[in-house]
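Topology and contacts: notes
Given next are the chains, with one letter for each unit.
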Amino acid sequence: MIIQKAVKLAMNVFEQKMEDFAGKADTSQLTADVALEFSAALKDAFSEAGRRAYQTFIESYDLQEPILDVNGQKLRWKMASPKSLLTPFGTMQITRSLYQADAGGKSYCPLDDFWGMKDEFATEDVRQAVAFSMAHLTAGETEQLFEKCAWFHPSATAIKNITNNIGDFVETHADTIMQAVQDSQQLPEETDVLVASVDGVFVLLREQGVQQGRPAQRPGLKASSSENTAYRNAMAGAISCYALPSGQEEKPQRLQSHYVARMPQQRAVIFKQQFEREILAAEEKAPPGTTKIFLCDGHRSIWSYAQNNQMYDDYEKLIDFYHTTEHLSKASEALFGKSSDLSNAWYNKYRKKLLEDDDGAESVLRSISYYSQNIGLSKSRQEKLETERTFFRRNKDRMSYADFIVRGLPIGSGPVEAACKSIVKTRLCRSGMRWSRLGGQRILYLRCFVKSSRWDVFWKQYIQLKRSA
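Scoring rules and cut-offs
Residues numbered from 1 in each chain as written. Predicted model: local features only at pLDDT ≥ 70, side-chain atom pairs only at ≥ 80, totals over all residues. Heavy atoms only, no water. Helix = DSSP H or I, 4+ residues; strand = E, 2+ residues; numbered from the N terminus. Rg over C-alpha atoms; globule rule 2.2 N^0.38 Å. Contact = heavy atoms within 4.5 Å. Lys, Arg positive; Asp, Glu negative; His and termini not counted. Charge placed at Lys NZ, Arg CZ, Asp CG, Glu CD. Salt bridge = Lys/Arg side-chain N within 4 Å of Asp/Glu carboxyl O. Pairing = 2+ DSSP bridges. Axes fitted to C-alpha atoms, helices over the stretch in contact; angles between N-to-C directions. Parallel < 35°, antiparallel > 145°, perpendicular 65-115°, else oblique. Left-handed = near helix turned anticlockwise from the far one by under 90°. Patch = residues over 30% accessible without salt bridge, like charges linked within 9 Å, V, L, I, M, F, W, Y side chains within 5 Å. Areas by Shrake-Rupley, 256 points an atom, 1.4 Å probe, with all protein chains shown as cover. Phe/Tyr/Trp six-rings, centres within 6.5 Å; stacked < 30°, edge-to-face > 60°. Buried < 20%, exposed > 50% of the residue type's maximum accessible area, 1.4 Å probe, protein only. Lys NZ or Arg CZ within 6 Å of the ring centre and 35° of its normal. Expected span 1.5 Å × (residues − 1). Arc of directions from axis to C-beta. Nonpolar A, V, L, I, M, F, W, Y, C, P; charged D, E, K, R; others polar.

1. Remarks on the overall build of the protein chain
- Per the secondary structure count, the protein chain includes 17 helices and 8 strands.
- At 30 Å, the protein chain has a C-alpha radius of gyration far larger than the 23 Å of a compact globule built from 469 residues.
- Judged by the C-alpha coordinates and their principal axes, the protein chain covers about 95 × 60 × 60 Å.
- Here the analysis covers contacts within the protein chain between residues at least 6 apart in sequence; of these, 68% occur between residues at least 24 apart.
- In the protein chain, 61 side chains carry a positive charge and 58 a negative one; their mean positions are 7 Å apart.

2. Re the pattern of salt bridges
- Throughout the structure, instances matching the rule amount to 23 salt bridges.
- The closest approach of N and O atoms between Asp 359 and Arg 366, which form a salt bridge, is 3.5 Å.
- Asp 403 serves as the salt-bridge partner of Arg 407, at 2.9 Å between the closest nitrogen and oxygen.
- Counted as one network, the salt bridges with shared partners bring together Glu 48, Arg 51 and Arg 52.

3. Digging into the sheet that holds strand β1 (residues 67–70)
- The 3 strands lie next to each other as β1-β2-β3, forming an open sheet whose pairing is antiparallel. With partners counted over all chains shown, the strands left at the sheet margins are β1 and β3 (90–100), one partner each. Each strand axis lies, on average, 50° off the axis of its neighbour in the sheet, ignoring direction.
- The sheet contact formed by β1 and strand β2 (residues 73–87) spans 4 bridges and is antiparallel. For Val 70, the partnering residue across the bridge sits in β2 and is Gln 73.

4. Here's the deal with the side chain of Arg 442
- Considering the arrangement of structural elements, one finds Arg 442 in helix α16 (residues 437–451).
- Ignoring anything within four residues of it in the chain, the contact list for Arg 442 reads Thr 163, Asn 164, Gly 167 and Asp 168.

5. What about the packing of helix α7 (residues 174–184) against helix α8 (residues 269–285)?
- Taken N-terminus to C-terminus, the directions of α7 and α8 make an angle of 25°; their axes are 10 Å apart at the nearest point. Judged on the interaxial angle alone, α8 and α7 are roughly parallel. The two elements α7 and α8 cross, and the hand of that crossing is right-handed. Contacts between α7 and α8 involve Ala 174, Asp 175, Met 178, Gln 182, Asp 183 and Ser 184 on the former and, on the latter, Gln 274, Arg 277, Glu 278, Ala 281 and Lys 285.

6. Some details on a nonpolar patch on the surface
- Taken together, the side chains of Ile 3, Val 7 and Met 11 define a hydrophobic patch exposed on the protein surface, amounting to about 300 Å² of accessible area.
- Topologically, Met 11 is positioned in helix α1 (residues 2–24).

7. Comments concerning the packing of aromatic side chains
- Applying the stated criterion to the full structure yields 28 aromatic pairs.
- Pairing Phe 271 with Phe 275 gives two aromatic rings, centres 5.6 Å apart and planes at 10°, and the pair type is stacked. You can see Phe 271 and its partner Phe 275 sitting in helix α8, 4 residues apart, about one turn around the helix.
- Overall, Phe 275 belongs to the buried group, its relative accessible area being 0%.
- Taking the ring centre of Trp 303 as reference, the NZ or CZ of Arg 398 above it sits at 4.4 Å.

8. Comments concerning helix α13 (residues 379–395)
- Here α13 spans 25 Å end to end across 17 residues, near enough to the 24 Å set by a 1.5 Å rise per residue.
- Residues of α13 that are buried include every one of Leu 385, Glu 388, Arg 389, Phe 391, Phe 392 and Asn 395, and no others. The arc enclosing the buried residues of α13, seen along the axis, measures out at 155°, which places them on a common side.

9. Topic: the packing of helix α4 (residues 124–134) against helix α5 (residues 139–149)
- Put simply, α4 and α5 touch, their axes get as near as 9 Å, and they point 130° apart. Viewed along their axes, α4 and α5 adopt a mutual orientation that is oblique. Our pair here, α4 against α5, has a crossing hand that is right-handed. Of α5, the residues touching α4 (which contributes Ala 129, Val 130, Ser 133 and Met 134) are Ala 139, Thr 142, Leu 145 and Phe 146.
- Its residues placed into classes, the contact of α4 with α5 shows 6 nonpolar, 2 polar and no charged.

As structure tokens, this is what we get:
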């Protein structure tokens, strides 16, 4: 009966709106303008009909009792209280019964509780659309997007408030949400290799600090805004599944990647906890015999973390090959200068050795030692060369590229490099952007769910927790 009443009202409203349009519009000839006017009239009629039907449907469930017993407390009907709500059909006004104890205190609207709208001003589907858009766009861009292609038009302020509320709830219930998300997803059956990768990426924070590389202030210049901004290292992690190549010339196929990202924190404690939980969840579902690899660039703090953590003891460890070639290029430049025939030849020769010879890293070190002793190098070039020699000496046991290639294993940390760019920098590092740690983390949560193809699972879990809370 309730649905039939709402449907009948919607049909009447829609019909009346379209009749009004027909009485005013000149539709004797089809033109582009006439088509646009008719489309706009349809959208307006659908929107108005939807709001009226939705309002009727929701209000029909309100209570009209003079007294309610709520958790052992008697609450008396006080007034009919209006509330404005943002729905998929636009802003809707409803009127609901408000109850309160005779002694005063917090008021209670049972209708809000019935459909999960206590302390909310936007319906669940609107909140999801806002959060999903904010994972990709700014609040201003989201506002413009909805103005163009939706019936609901929240302001940038409302968009920020919705996003903040969701982000804060996710942060509070992160362990529960992530456990449910991880439990709901399976690794591809073809998984042969599990690769864990970690990297850092600088984010500009709205905090006091000195920006790197800025010259000292000179007399007469105004104070720099850098006193209130500081670059700090955010963290990104990727857990990727690969299938081994079926042919000799093929490369391993990446099947799936899940991402974790965290705003800057001293020693990245929370990031490491969340990343390790993600790894353990993947390990539990990985097929027996899966090869496990810890594959990162050469940052010393990352490898110190891996070497001192027992959970990576059974992981094969490899320095990202493309990071290694950067150091090889710098060594070549220190030895033979920039873009000379000798530097290019030396670089190409030892790049090939790294890929094909089991002792490729040792060959690089022997060659560096030989040339550094037999060609005259300036002090500055000797210092640069020593830096690269140290890199190869420190990491030579993590440069088994020839062995990995023969076994069909990946040698590049592309997924986590992509995560730093697509999850963090693309969204948080636009021109003029400065973030609080909490504000940035709200966005990173949403963005990781999107980029990990976990959005629908996350949102279902979020709504379940929100309703139960």
